[in-house]
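Examining the three-dimensional arrangement
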Amino acid sequence: MHDRLRCDQTQAWSALRALHAAEPQGPDLRRAFEQDAGRFAAFSQEAPHVFADLSKNLVTPAIEHQLLALARECGLEAFRDTMFSGQAINTTEQRAVKHFLLRAPRPADGAPAQDADLAAVHATLDAMLDYAEQVRADTAITDVVNIGIGGSDLGPQMASIALEAFATGRVRLHFVSNVDGHELAAVLARCQPRHTLFLIASKTFTTTETMTNAQSARAWFDAGGGGDVARHFCALTTNVPAAQAFGIRTTFGFWDWVGGRYSLWSAIGLPLAIAIGAQGFRAFLAGAHAMDTHFRKAPLASNLPVRLALIDVWYRNFLGFTSRSVAPYHSGLRRWPAYLQQLEMESNGKRVDLQGRPLPFATSPVVWGEPGTNGQHAYFQMLHQGTDIVPVEFVAVRQPAHALQGHHARLLANALAQAQALMVGQQDAGGHRHFPGNRPSTFLLLDALDPASLGALIALQEHRVFVSGALWGINSFDQWGVELGKVLARDIEPRLADGNTQGLDASTAGLLQRLRGGH
Ligand code: F6P
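To keep things clear, this report deals only with the structure shown in the data block. Throughout, a residue's number is its position along its own chain's written sequence, starting from 1. It should be noted that, the model being predicted, local features are given only for residues of pLDDT at least 70 and side-chain atom pairs only at 80 or more, the latter also being counted only at that level, while totals for whole chains, interfaces and linings use all residues. Only hydrogens and water are set aside when side-chain values are computed; all heavy atoms of the structure are taken into account.

**Section: the nonpolar core**
By size, the foremost hydrophobic cluster in this structure holds 116 residues, and its most contacted members are Leu-70, Leu-270 and Leu-454. Among the elements that make up this core, the one with the highest residue count is helix 12 (residues 270-297) (13 residues). We call two residues in contact whenever any of their non-hydrogen atoms come within 4.5 Å of each other. Apart from residues no more than four positions distant in its own chain, Leu-454 is found in contact with Met-158, Ala-159, Ala-162, Leu-163, Phe-284, Leu-333 and Leu-449. Here the nonpolar core consists of buried residues drawn from Ala, Val, Leu, Ile, Met, Phe, Trp, Tyr and Cys, with membership extended through side-chain atoms lying within 4.5 Å. Relative accessibility thresholds used throughout: buried, under 20% of the residue-type maximum; exposed, over 50%; partly exposed, between the two (1.4 Å probe, protein chains only). The next biggest cluster of nonpolar side chains, apart from the first, holds 20 residues, and it includes Val-176, Ile-200, Phe-221 and Ala-235. Runs of E in the DSSP output that reach at least two residues are strands. Runs of H or I that reach at least four are helices, and both are numbered from the N terminus.

The structure is reproduced here in structure tokens:
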């Protein structure tokens, strides 16, 4: 595993440098389309449930050819297969990375369970989906409150908002993540203990924010005469003993080979399963599995996660773009940017390679965005005329899930127009009305936003992050960078009570004193 070449050690890297030196701003897209009638076809890609137009990116066939050579030289295919074989590719935590198994179909009836993990996955999935159906049928439960943070919040929250059109609508879902009591207090104010189910979602069952919120929810439940804790609290965790010690009897487990930001497919998906039902959740898993198969089987040159990731590497390491803006043209995808932030930045925001050596090149871009058309009336000014070039990733959906006249065509027209405007620009001698154009974008298109297509879209992004991380030679599956702040917060909290500033830097000490009400 360690003898893979890092991207900057390859011949293709040098070839890409030469291509970049020949055209430091990248190719001119308008000319590229004029010269090549087949550009749209060559740079578009069908994948399960997702069509991608990559043709408005600053790449040429020659650049993509070298990027594919780079992937081969870095041993991408072998490394992908290593992940799928279940080897411990998360080397800083000695863990396998097998979230794809959570969406693998069950072994055919009567076939021997060759993979004990797959058998356990299906046993847990069946039990969890039975429970989800029970909750959906239980008219006494009107509110479900998911208490979790990071991967134990962003995935189920994003997906249940996206798939609202498939939800019963009878059960209200709430997501509480922040340790800021304002968030929990506002949710509790809308709930009644006897009609509320709390899902305590935490892989480790130790995360301070989640434990604090869970304790407060429990105290509120007890004080409000909720009564039956076993009926109103359920834990989704790999740490079942800790959940039991908390007093929770209904637990759905998962495994250490599921990273937090990849856990939506596991028991962490229970809120989504409650919203869209067992059948919907199985369709969601099937969509992701179809994308897994595409990633495993399609040749690199027609493999969508690979093609996207190669453009990411080109932009980050050669054209020097520092961020990517994501623009979902569907209000149901309003938490898509936040979800992608954790997926990409927690995975690939790394500064050392697998051997711990500082990297001489850049890794994760900043990922950010808002749903279109809202972003257009805010920061798109900067995307069109600012001094930085920010690639934009549009997501559009062909069929709406509403019947309001006129809206959808107007929405789609805006998505197309923005991508077009970024590329074609506008000549104006006066300066202020000049749009330089040649600004890159990718356009992802779904037929409908349904469980299967959302599953596929998410799995696409997971694999894309895997590919860029693999080329950079980093560990995309740990997150040590979140630990230091947690340790320091534990040191600071008692100081807020006793005012002890000993050993603190002057800024932290000064702020602490102000927060205590002194000067
Ligand atoms: O602090 C970061 C993190 O570890 C994420 O990776 C994870 O998704 C989140 O915290 C929540 O962790 P847990 O599910 O263990 O509560």
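From this point, the narrative continues.
**Quick notes on the packing of helix 5 (residues 76-85) against helix 12**
Orientation is described by lines fitted to C-alpha atoms, with helices fitted over the stretch in contact, and by angles between N-to-C directions that extend from 0 to 180 degrees. Running from N to C, helix 5 and helix 12 cross one another at 140°; their axes reach a closest spacing of 10 Å. Of the possible angle classes, the one that applies to helix 5 and helix 12 is oblique. Listed contacts from helix 12 to Arg-80, Met-83 and Phe-84 of helix 5 are Asp-292, Phe-295 and Arg-296. The residue makeup of the contact of helix 5 with helix 12, split by class, is three nonpolar, no polar and three charged. Here roughly perpendicular refers to angles of 65 to 115 degrees, roughly parallel to angles under 35, roughly antiparallel to angles over 145, and oblique to all remaining angles. In this count, Pro and Cys sit with the nonpolar residues alongside Ala, Val, Leu, Ile, Met, Phe, Trp and Tyr, while Asp, Glu, Lys and Arg are called charged and the others, Gly among them, polar.

**Structural notes on the sheet that holds strand 3 (residues 143-147)**
Each strand in a sheet pairs with another by means of backbone hydrogen bonds, the pair being arranged parallel or else antiparallel. Spatially, 4-3-5-6-7 is the arrangement adopted by the five strands of the open sheet, whose pairing is parallel. Of all strands in the sheet, those bounded by a partner on one side alone are strand 4 (172-176) and strand 7 (250-253). Direction aside, neighbouring strands of the sheet carry axes that sit 20° apart on average. Along the sheet face, helix 12 touches strand 3, strand 4, strand 5 (196-201), strand 6 (233-237) and strand 7 and points at about 140° away from the line of strand 5. Strand pairing requires that DSSP identify at least two bridges connecting the strands.

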